[in-house]
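Each chain is listed here by its residues.
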Amino acid sequence: MTIPSDDAGRTVGGDPDGGAARTSDDGPGEPGAGSGPAGTGQDLDAPAPSSSANGPSSVEESLLGRHAAAEDPVVGRSLERAAQSGTDELVAALDVLRGELTAQRLPLTTPGVEEDRRTLALAVDQLDDYLLPRLRARSAPLLVVVGGSTGAGKSTLVNSVLGEKVTVPGVLRPTTRSPVLVHHPLDVRWFSTDRILPGLARVTGTVDHTDSPSAHRSVRLVASEVLPQGLALLDAPDVDSVVVENRELAAQLLGAADLWLFVTTAARYADAVPWDLLHEAARRRAQVALVLDRVDPGAEAVGADLHRLASENGLGHAPIFLVPEAHLVDGLLPETAVGEISRWLTALGGDAGARSAVIDATRDGVVDDLVRRATELAGAVDVQHEADGYLRAAVDAAYEDARRTVLAATSDGTMLRGEVLSRWQDFVGTGEFFRAVEQKVGSVRDAISGFFRGKGRKVPEVEEAITHGLESVVLDAAEEAAERSYRAWRADPSGAALLDGLDLSRASGTLRTRVAEEIRGWQADVLALVSEQAAAKRGTARALSFGLNGLGVSLMVLVFASTGGITGAEIGIAGGTAVLAQKLLEAVFGDDAVRRLTRTAQDRLSARVGAVLDGEARRFTSQLDALGTGEATGAPLRAAAEEVRRAARREQKARAAEVTGAPDLGSVVGQAGALRGAHARDPQTLDAPADGPAGAERPGFWRRLFRARPADETAADATSTTATDEPGDER
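On a predicted model such as this, the values are computed, not experimentally measured, just so you know. The numbering scheme is per chain: residues are counted from 1 as the chain's sequence reads. Only residues with pLDDT of at least 70 are given local features in this predicted model, and only at 80 or more are side-chain atom pairs given and counted; all residues enter the totals for whole chains, interfaces and linings. The side-chain figures draw on all heavy atoms in the structure; neither hydrogens nor water molecules are used.

Colleague: Just checking my understanding: could you explain the packing of aromatic side chains for this structure?
Modeller: A ring pair, where both rings are aromatic, is described by two values, the distance of the centres and the angle of the planes. Note on ring pairs: Phe, Tyr and Trp rings are taken, using the six-membered ring of Trp, and paired if centres are within 6.5 Å. Classes follow the plane angle, with under 30 degrees stacked, over 60 edge-to-face and the rest tilted. Summed over the entire model, instances satisfying the criterion amount to four aromatic pairs. Ring geometry for W260 versus F262: centroids 6.4 Å apart, planes at 25 degrees, classification stacked. W260 gets classed as buried once you look at its relative accessible area, which sits at 3%. With a centroid separation of 5.3 Å and an interplanar angle of 80 degrees, the aromatic rings of W489 and F620 are classed as edge-to-face. With W489 in helix α15 (residues 459-490) and F620 in helix α22 (residues 591-627), this pair connects stretches of sequence that are 131 residues apart. Considered together, W489 and F620 belong to a single accessibility category, that of buried residues. Here the guanidinium or amino end of R195 rests over the ring plane of F191, the centre of that ring lying 5.8 Å away. Partly exposed describes any residue whose relative accessible area lies between the buried limit of under 20% and the exposed limit of over 50%, with all areas from a 1.4 Å probe on protein chains only and scaled to the type maximum. Runs of H or I in DSSP of at least four residues are treated as helices and runs of E of at least two as strands, each being numbered from the N terminus. Criterion for a charge above a ring: Arg CZ or Lys NZ at most 6 Å from the ring centre, at most 35 degrees from the ring normal.

Printed below as a string of structure tokens:
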């Protein structure tokens, strides 16, 4: 039996003819959330609302459009084309949104990222498994997914309404392992392709009882002539299964449903896991019906509590069916136990208007939910971008400090100490060079030239000392930068996850070799600068008389003491050694040329050191580059979601004016393709109520199922006892 509620939320008797009365949100005689087909809010008997001052309502627009179409076939065809155009526009917008969603990975471990990734996967599943297939095939059969808790009796219920064993209930848990989709034989092509649930293989034949991966990732198709054409049932795995794959598949299948038939038991109807899914269904306005299975005689009051929970969770519109505890006969429940569910499903399958109402309501809810999800995900993408920026900034700061440390050490005289200073002094001698410079005989250049003719063998020793000194400075700076970057990343969840399996706490093992190569390259650059300057000044012979290598070493020493010439303070720092190099170079090239050569040599050293440090920094930043989080922002995803929202509103407006046939709201008894028990009547309710008018025609089942009843009918129900089940139906 079905469970309605009165004003106070008390459980009252079911409809005498087996149909559901009101749902818990409806007051007596007031159309509520559940007054239209499957909770669409449409009161089938209420007069159309009057026009407001702002123009006709959407309902009025729909009625006016249908009236005009009925009088003028040209108008009808125009409205149909407009509706199809609106659908095509919505599909195009959804395709763009899908592209934006699938481009997202959310790879960084930002706060709440696990939930964001789950939302992303669900959004793509919503598009692939339900929304795009449904929009591209509006006339496809309505898919009712039967889901629920472990051992709730889903498979038994499906078998019982069909009157045959198409799915096998299990004694062991989990029970339903792979989903079973039952369809009318003429509807097979709707489900044999990957139109919906493209990730599941299609199989036919006997049930796969194994726990193999193929069983989890397939759907078994079963044809049944009992089902009305245009309606399909899918028996889903347990939503609270101990097998993770089962739980995930159950959620995916429910997301692909036009209508949820959610089965629970009198003992487990308040369990948390099912209500998490039902709460999500309410949030996306999915059309839901609840089945309370295995209700012991006298325990029908649990239906009122289930109504309370449904209302509190946004499902007050959902019809609730009570299935009594009963003995199984050949594995099937008695017809009277499933009669109301069978009549309800048969009515739905046999009424194109009702099916469209359910499909449209679910689809509109999914679109709105998808827009909400996409907007939230756009924010998550922005958070990823910000996390990427933070990690890059930490690395950039560490290696920029390393660069400044090296440049300071190579320009403030620090390098002119230790081995470099010793080798330079060996090269220039102690006082001998000064005496040569201070001689006033002939030419200063001749004096210097004569001095250096016997010093060429000392040049390689100075160059080697410079190489070792520079290596030490660069390696120390790189080690410090690596340690700083590593500490910064390890302290951040996003960075810590990227460090797993990588040895980034120290400089790379090949750094020493690269540094030595760059230093030798810089020394070659300096020698080339000296050679070019000598040629430009037509002083080749003079430079050769001093020795190009000696001039190159002198320029290197000068670079280490100043960026553009020796100052008094720098002479003090360098111990007076750099002044010798400066005097020599000025004697050959002149003051301006020496300053220019020094700046150029300094710039080239900075570039080579920067290249080395950039390579070290890329060990970190390449981890981010591979993820693409630096370029990704939420703006494109947010824009795509907004376009879907606008297209959906336009499509809904066009659909409201579309020509649709009037729903057949009459009795379903006698229809072809009726489910098992659809014709059954409780012996106590076969006749019309005694106080009803003689010969009066009772309202059709579908109208009674989804409408708010008059106050006198509600009052009569409120004083009646709950409908009883057939004696001997105990399981």
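Colleague: Looking at this model, I keep getting lost on the environment of F191. Mind explaining?
Modeller: Position of F191 among the secondary structure elements: in helix α5 (residues 188-191). Residues contacting F191, with those up to four places away along its chain left out, are P141, L143, L181, H183, I196, R202, L221 and A232. Two residues qualify as a contact provided that any one of their heavy atoms is within 4.5 Å of a heavy atom in the partner residue.

Colleague: I'm lost on empty space enclosed by the protein in this one. Help?
Modeller: Vacant regions in the atomic arrangement are exposed by a probe of water-molecule size rolled over the atoms. Definitions used throughout: a 1 Å grid over protein atoms alone; a cavity as a set of points that fits a 1.4 Å probe which cannot get out; a pocket as an open set with protein on both sides within 12 Å along at least five of seven lines; a lining residue as one with an atom within 4 Å of a point. Grid points are joined across faces, edges and corners, and a volume is the space filled by probe spheres set on the points. Summed over all chains, the structure comprises seven cavities of 30 Å³ or more. Considered as a void within the structure, the largest cavity measures approximately 130 Å³ in volume. Lining the largest cavity are 14 residues; nearest its centre among them are L122, A251, G255, E280 and R284. Listed by contribution, the elements that provide at least two residues to the lining of the largest cavity are α3 (113-136), α7 (244-255) and α8 (272-283). Polar here means any residue outside two lists: the nonpolar Ala, Val, Leu, Ile, Met, Phe, Trp, Tyr, Cys and Pro, and the charged Asp, Glu, Lys and Arg; Gly therefore counts as polar. In the lining of the largest cavity, the residues fall into six nonpolar, three polar and five charged.

Colleague: Help me out: how do you make sense of the confidence of the model for the chain in this one?
Modeller: Chain-level pLDDT for the chain is 76 on average; 67% of the residues reach the 70-or-more range. At the level of individual helices and strands, the chain shows its lowest average pLDDT in helix α25 (residues 711-718), which scores 38, and its highest in helix α16 (residues 493-499), which scores 96. Long-range and interchain partners of residues 171-176, a stretch whose pLDDT sits below 50, account for 16 contacts in this model, where long-range means more than four residues apart. Low pLDDT (under 50) marks residues 447-457, which in the prediction has 22 contacts with non-local residues, meaning those over four places away or in another chain. Note: pLDDT gives the predictor's confidence per residue, expressed from 0 to 100.

Colleague: Hey, could you run me through the pattern of salt bridges in this one?
Modeller: Two side chains bearing opposite charge may form a pair once their charged atoms approach each other closely. Counted as salt bridges are all cases of a side-chain nitrogen of Lys or Arg within 4 Å of a carboxyl oxygen of Asp or Glu. For the structure shown, the criterion picks out 43 salt bridges. Between D128 and R98 there is a salt bridge, and its shortest N-O distance comes to 2.6 Å. Within this pair, whereas D128 is found in helix α3, its partner R98 is found in helix α2 (residues 73-102), the two being separated by 30 residues in sequence. On the basis of relative accessibility, which here comes to 28%, the residue R98 falls in the partly exposed class.

Colleague: How should I be thinking about the nonpolar core in this particular structure?
Modeller: One broad rule of soluble globular proteins: the nonpolar side chains tend to lie buried together. What we call a nonpolar core is a set of buried Ala, Val, Leu, Ile, Met, Phe, Trp, Tyr and Cys residues that are connected through their side-chain atoms within 4.5 Å. Within the largest apolar cluster, 105 residues are counted, with the highest numbers of intra-cluster contacts made by L101, W260 and L261. Among the elements that line this core, the one with the most residues is helix α11 (residues 352-409), at 12 residues. Once residues lying within four places of it in the same chain are set aside, the contact partners of L101 are L120, A123, V124, L127, L370, L377 and L637. Core analysis: the second largest hydrophobic core is formed by 57 residues, L108, A402, F560 and A593 among them.

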